[in-house]
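Tertiary structure, described
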Amino acid sequence: MKAVRLATMMAAVSWVPMTNGCVSLSAKRVVEEIIDSTADLSTCAIQTRSITNLYPTGANTQEMTLISKDWKEGGTGITLSCLSRDTVGSRRIDGTVKLDGMDMQYAGRGVYSSTFDGLDHKPRTISIVTTSGQTTEITVQPPQALKLISVNGASQAARVDLSKDMTLEFADFSPYSFVRVALVTEGLEGRNFAHIGVFKADRILKIPAVAFGHHSLGTSSKIVEGANYVLVEQFNVMPGTVAGVGSAQNIAMAWAWMPVTVSGQSPAVAGIEVSGTLPAGTRKVAYAVSKPNASHGKPLSQARKFAIASLSIRGRLHEKSENEVPLASWDNALKKFHDGLSRMFKKEFGITIIAPEKVLNSSVYKEFDAIPDVYTKESISRSFKGMRSLNSPRLTSSTFPADKPDMQLMRDLGVDGLISVEIEVDGMTTSMTFRIVGEPNAYTVPTLYSKGEVHDEPGMPWTGTRFTHIQSLDTVLRKNDLIAGMKKALKEQEAQARTLGYESIWNMQSDRNKARDLVQDFEILPTYASGQ
């Protein structure tokens, strides 16, 4: 493997998911990007895409050069992205990459592409031969048809007022499929399509005006007023196994688009941040939580089942004290936290927490990093029933989301989200940090239900032999107070989410959850398996 270092003149370093799922680097300063060259496909995550009906060159987006240097309006594009499966970065393949026997164009950043005139709805074969002698073939499946016939009732000279709902009408679409809807934006990331939501496909699709303020590029980009395009993408994500390749995925993408004139405003939503305090006896509990806007921030109302996948406690005791609490008491304290969190989520949000044994027995779970087990007179580090952290080298790599272990664990357990909780004792104070992740909205990055921290005010120190049994340990850990703080924070966050339109946007794809309830392994329904 050799590294190629590119010095690229750019104006602000911001990695942004593009319409075709590639990654853009926006411009503002000089950055150095390392692209590895490899002849070992087992280290690669390969994602192929079949895109029909490429939008007009007048959209002038950054992704056009990433798909192909020979963009063909109304044509078909086939791409192969070679990503590093275990590290950050892209891979250029040492060898040849051919589509049906013809060389694919290397567009840069690990992306190979070929474009054709007209709509192409036949399977195609990509063949790879590396300099090390490794050979493999990938069948790229085409998308099903999609035809957009009107925007707000007009098939020509359509207008979109961002302060009003937008109605789309289709002639061809796939029942039970989902579509992403986008408009051109401009900002720090350059000029790109930003998605305003993922919706269940139907002949008539009415998109609430609030969705415009939740577009996927956030407050750093603004929907372009005047001449613009509505772009609709019907996607089908298909996981696959390719000989010799670390992981593989094919996405069939049917595009439909229409020129529009944009006017009006929709308030931009960056996300939700909530903070406050909760009285707890003679002291207070402080909390702070956040989530992104509805493009990647998911309301708790969309969830039915969670797994607490990581629960641990660590602490540095008061400098004059010793840890004289039996280890079994620490384990019992962790069990009380797990039980208390389970009751809170069920009672307040109607979400069931699955049994911890299901998490521990998952074949995927062993890939996560172990939590150090420390029990001394000065400190403690302990996890509930031997749970692991939700950290893994592949979580921070450049592989596609479906190949990341947290998304695989979610699918293996059949849950809508994973909760990680860490309790920290620091002398006189106790804090609890948490994070709740969900599946991707479509196929880009995972969603986030919430992340935050709850902590108490400085209080009773740990001294001498005073705390030697579970009742006294409860006094220090303040389980009930911390969970009450988390409940209050989540309640306030979800109230704001309803006001800001999160639920009205996400309810337009709620049938996806119903579909998952009908099958044990929803990978057999790739149209629904957006996180794959």
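Residues numbered from 1 in each chain as written. Predicted model: local features only at pLDDT ≥ 70, side-chain atom pairs only at ≥ 80, totals over all residues. Heavy atoms only, no water.

This part covers the overall build of the protein chain. Tallying secondary structure elements over the protein chain gives 8 helices and 31 strands in all. Among the 532 residues that make up the protein chain, the fraction classed as buried is 57%. Here the analysis covers contacts within the protein chain between residues at least 6 apart in sequence; of these, 71% occur between residues at least 24 apart. Entry remark: accessible area of the protein chain is about 21,600 Å², with carbon and sulfur atoms responsible for 51%. (Helix = DSSP H or I, 4+ residues; strand = E, 2+ residues; numbered from the N terminus. Buried < 20%, exposed > 50% of the residue type's maximum accessible area, 1.4 Å probe, protein only. Contact = heavy atoms within 4.5 Å. Areas by Shrake-Rupley, 256 points an atom, 1.4 Å probe, with all protein chains shown as cover.)

As a further point, take the sheet that holds strand 19 (residues 204-207). Note: strands within a sheet are paired through backbone hydrogen bonds, in either parallel or antiparallel orientation. In space, the 3 strands of this open sheet follow the order 14-16-19, with antiparallel pairing throughout. Single-partner strands in this sheet number two, and they are strand 14 (147-151) and strand 19. Strand after strand, the sheet turns through a mean of 25° between neighbouring axes, direction not considered. Note that strand 16 (residues 166-172) and strand 19 share 4 bridges and pair antiparallel. Within strand 19, the position partnered with methionine 166 by the bridge is isoleucine 207. (Pairing = 2+ DSSP bridges. Axes fitted to C-alpha atoms, helices over the stretch in contact; angles between N-to-C directions.)

If you look at the biggest cluster of nonpolar residues, it comprises 95 residues, and the most contacted ones within it are Leu168, Val181, Val230 and Phe345. Of all the elements, helix 2 (residues 327-349) adds the most residues to this core, at 8 residues. The contacts of leucine 168, once residues within four sequence positions are left out, are Leu148, Ser150, Val151, Val181, Arg203, Ile204, Leu205, Ile207, Val230 and Val232. Within the second largest apolar cluster, 22 residues are counted, among which are Trp71, Phe193, Phe235 and Trp255. (Core = buried A, V, L, I, M, F, W, Y, C linked by side-chain atoms within 4.5 Å.)

Taken in spatial order, the 4 strands make up an open sheet running 9-8-12-13, and their pairing is antiparallel. A single partner strand is all that each edge strand has here, and the edge strands are strand 9 (102-103) and strand 13 (135-140). With 2 bridges connecting them, strand 8 (residues 95-99) and strand 9 associate as antiparallel partners. Residue pairing for strand 9: lysine 98 is matched across the bridge by aspartate 103.

For helix 4 (residues 405-413), the tally of buried residues reaches 7 of 9 residues, placing the bulk of the element in the interior. When we look at burial in helix 4, the residues that qualify are Pro405, Asp406, Met407, Leu409, Met410, Arg411 and Leu413. Structurally, helix 4 contributes buried residues whose contacts are with strand 25 (305-316), helix 3 (356-360), strand 29 (417-426) and strand 30 (429-438).

Extensive coverage of strand 11 (residues 111-116) is indicated by the burial of 5 of its 6 residues. Of the pairings in the sheet, the one linking strand 6 (residues 76-84) to strand 11 comprises 6 bridges and is antiparallel in character. Opposite threonine 76, over in strand 11, you have phenylalanine 116 as the bridge partner. In this structure, strand 10 (residues 105-108) lies alongside strand 11, joined through 3 bridges in antiparallel fashion. From the neighbouring strand, glycine 108 faces strand 11, where its bridge partner is valine 111. Following strand 10, the chain reverses through 2 residues before pairing antiparallel with strand 11; arginine 109 in that reversal takes a positive phi of roughly 55°.

Our focus in this paragraph is the environment of tyrosine 229. Structurally, tyrosine 229 can be placed in strand 21 (residues 226-240). With a relative accessible area of 14%, tyrosine 229 lands in the buried category. In this structure, the C-alpha to C-alpha distance between tyrosine 229 and threonine 185, residues 44 residues apart in sequence, is 10.0 Å. Residue contacts for tyrosine 229: discarding those within four places in its chain leaves Pro56, Gly58, Ala59, Ala182, Leu183, Val184, Phe193, Met258, Pro259 and Val260.

Looking now at unusual backbone geometry. One non-glycine residue, asparagine 53, adopts positive backbone phi at about 65°. By the element assignment, asparagine 53 lies in the loop between strand 5 (44-52) and helix 1 (63-67). With relative accessibility at 18%, the residue asparagine 53 sits in the buried group. One non-glycine residue, alanine 442, lies in the positive phi region at around 80°. The residue alanine 442 is located in the loop between strand 30 and strand 31 (447-456) in this model.

Time to look at the packing of helix 2 against helix 6 (residues 479-499). Look at helix 2 against helix 6: their axes get within 10 Å of each other, and the N-to-C directions meet at 30°. One element, helix 2, and the other, helix 6, form an angle in the roughly parallel class. Along this stretch, helix 2 crosses helix 6, giving a crossing that reads as right-handed. The residues of helix 6 that touch helix 2, namely those facing Lys336, Phe337, Gly340, Leu341, Arg343, Met344, Phe345, Glu348 and Phe349, are Lys479, Leu482, Ile483, Met486, Lys487, Leu490, Lys491 and Glu494. Across the contact of helix 2 with helix 6, the residue classes break down as 9 nonpolar, 1 polar and 7 charged. (Parallel < 35°, antiparallel > 145°, perpendicular 65-115°, else oblique. Left-handed = near helix turned anticlockwise from the far one by under 90°. Nonpolar A, V, L, I, M, F, W, Y, C, P; charged D, E, K, R; others polar.)

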